Every structure is written in structure tokens, then in C-alpha cells.
Amino acid sequence: MSRRVSGGRRSGNVRVWPWAPKGTERRGFGESEKARNLTDIMMSNELPFWQGSTPMALLDILEFPDPRLRTRAVPITTFDAALSRLIDDMFETMYAAPGIGLAASQVDVHRQLIVMDCSNDRSDPLVFINPEILARENVGVMEEGCLSVPGIFDEVERAQRVRVRAKDRDGKVFECELDGIRAVCLQHEMDHLDGKLFVDYLSTLKRDRIRKKLEKERRDRPAKPTSDEVPAGAALGR
Ligand SMILES: [Zn+2]
């Protein structure tokens, strides 16, 4: 999920999403800058901030109306290093976009995995694997955006408070209560795991207009340089 923040702009090769949370503007970097950053990290002796020996990869995010976004995700049963790597890559991809939530479905990995961080300073990273909502209350309306539906925001009615049960990256079951943006974000991401998008809550007319707008924007977008990054699925041995 993404949220709208005023003052966005596109400057040179640096893509600054309009819904970047305050203070994260510099995180929206373009392809060439990404490549340089990864090379810098690999060439330097410094341990990157995520404390691993391999740099994370930015994953490609599928965009509406890509039919792969309609795939229903299956539960995760193996909690291994490949899963951990995928989780790290998804966080990096979400922060770089920037967004506040990302479901594995959006990076073409159809497993029940969600990463979220609704804070402004990356201080609230949350991982939900095989999540189920146990209780919902306080239905209300909040404006939503989605990294798979770039630049589009609209209001959706959802529970503003949920109780959820899920597994963490080690496969340990936990339960927690979420409210406000975190509750809305979790429900938005869980919809992705079911092959559902927030634009499905809008009228057919609106959804059609959004599809046409995004298809036009994609046609006008400069071709992406070829990437030698590991595709998302490779982490899970697909
Ligand atoms: Zn989304």
C-alpha cells in the first residue's frame, strides 16, 4: 500500500513518488542510481545496514491490470534462508518505492507473505506470513493507494481495527491487534494474497478509467534498462 503526500515531483532520473512519507524523498531512486548503489556496496568493505553479506535486490512490482495480480497465494510451509532473503528484498523494494506495505503477490511470488512499515522512519517493520483476521471492528473510510496501481488514490471502507494471527519469519505463530492505518494496510495487503486490488472496490467506470490511464502512462514511460538482478521467484527456487 502507498499513501499520498503532497509535494511530489519527478526530477531527472530520480523518481520521487508523490505519496512518499515525509523525509523519505531521497529513497526513491532510479535504475542507474540503484545499480551504482549496489556496486558501491559490493565494492566497499562496509557492512550494509541490513547486516547481511549479500546486498538486497529490488524486485519488480507488477502493475494493474497485470493478470498475475489475480493469482491466489498459497500458504508458506518452509521457513528457510530463501524465505528470509525474500522478506529482506521485499522490505527493500517497499522502502525504495516508497510504500508502507507490500504483498509477495505484487512481486510475482504467490505465497502468503506480507511486509509492512507504516512509520515515517522505518521503525515499525512487520512481517505477516499466512495471516488470518480473527476479529474486525470500527468500519470506516480511508484513502488508499497501491504500489501496483501507481499514482491512483481513492477511498475504501474497511475495519479500522483488526485482530490478526500470523507466523513470523521463523514460523512462530503470533497474534496482535492493529488499528488505523496499520489495520487498513494489513487488509489491503491480505486482499492482494486473494488476488484482489483496492480498485475492485470502485465502480467499473472508475476502474476502467484507471486502467486506461495506467496503460497510457506505461506506453509513454521510457524503456527500462535490462537488469541482472535475481528475479523474485529465484529466491524460492521457482
Ligand atoms: Zn496494494
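Before reading further, recall that the structure is shown in the block above.
Residues numbered from 1 in each chain as written. Predicted model: local features only at pLDDT ≥ 70, side-chain atom pairs only at ≥ 80, totals over all residues. Heavy atoms only, no water.

A.B. asks: Please explain the coordination of the zinc ion as it appears in this structure.
C.D. replies: Four donors placed tetrahedrally about a metal ideally form angles of 109.5 degrees, and six donors placed octahedrally ideally form angles of 90 or 180 degrees. Every protein donor of the zinc ion is accounted for by Cys146 (SG), His188 (NE2) and His192 (NE2), and the metal-donor separations fall at 2.1 to 2.2 Å. Here the donor residues of the zinc ion share one chain and are spaced in sequence as C-x41-H-x3-H. Placement of Cys146 in strand S5 (residues 126–146) and of His192 in helix H3 (residues 181–193) is noted, with a sequence separation of 46 residues between them. Since its relative accessible area comes to 1%, Cys146 is described here as buried. (Donors = N, O, S within 2.8 Å, 3.2 Å for Na, K, Ca; no water. Helix = DSSP H or I, 4+ residues; strand = E, 2+ residues; numbered from the N terminus. Buried < 20%, exposed > 50% of the residue type's maximum accessible area, 1.4 Å probe, protein only.)

A.B. asks: Mind showing me how you'd approach the packing of aromatic side chains here?
C.D. replies: Two aromatic rings are characterised by how far apart their centres lie and by the angle between their planes. Per the stated rule, a full pass over the model turns up two aromatic pairs. Centroid distance Phe91 to Tyr95: 5.9 Å. Interplanar angle 25 degrees. Geometry classified as stacked. Note that Phe91 and Tyr95 are positioned in helix H2 (residues 81–96) at a spacing of four residues, about one turn of the helix. Ring geometry for Phe128 against Phe174: centres 5.8 Å apart, planes inclined by 40 degrees, an arrangement best described as tilted. Of this pair, Phe128 sits in strand S5 while Phe174 sits in strand S7 (residues 173–179), and the two are 46 residues apart along the sequence. (Phe/Tyr/Trp six-rings, centres within 6.5 Å; stacked < 30°, edge-to-face > 60°.)

A.B. asks: Please clarify how unusual backbone geometry should be interpreted in this entry.
C.D. replies: Peptide bonds are mostly trans, and most non-glycine residues show a negative phi. Residue Pro65 is bonded to the preceding Phe64 through a cis peptide linkage, with omega at 10 degrees. Structurally, Pro65 can be placed in the loop between helix H1 (31–43) and H2. Residues Ala97 and Pro98 are joined by a peptide bond in cis, for which omega reads -5 degrees. Within the secondary structure layout, Pro98 lies in the loop between H2 and strand S3 (101–103). Although it is not a glycine, Asn130 adopts a positive phi angle of roughly 50 degrees. In this fold, Asn130 is placed in strand S5. In this structure, Asn138 is a non-glycine residue whose phi angle is positive, near 55 degrees. Relative to the helices and strands, Asn138 is located in strand S5.

A.B. asks: So what exactly am I meant to see when it comes to the pairing of S5 here?
C.D. replies: On any regular strand, side chains alternate: one points to one face of the sheet, the next to the other face. Relative to S5, strand S4 (residues 113–116) is paired through four bridges, and the arrangement is antiparallel. If you follow Val115 over to S5, its bridge partner there is Val127. Relative to strand S6 (residues 149–167), S5 runs antiparallel, the two being bridged by 14 bridges. Within the sheet, the bridge partner assigned to Ile129 lies in S6 and is Lys167. Adjacent in sequence and paired antiparallel, S5 and S6 are bridged by two residues. (Pairing = 2+ DSSP bridges.)

A.B. asks: For this particular structure, what's the right way to read the environment of Asp154?
C.D. replies: Position of Asp154 among the secondary structure elements: in strand S6. On the accessibility criterion, Asp154 (18% relative accessible area) is buried. Taking the C-alpha atoms as reference points, Asp154 and Val141, separated by 13 residues in sequence, lie 9.8 Å from one another. What Asp154 contacts, discounting residues up to four positions off in sequence, is Met142, Glu143, Glu144, Phe198, Leu202 and Lys206. For Asp154, the side chain forms a polar contact with the side chain of Lys206, separated by 2.8 Å. (Contact = heavy atoms within 4.5 Å. Polar contact = N/O pair within 3.5 Å; in protein donor to acceptor, adjacent residues only side chain to side chain.)

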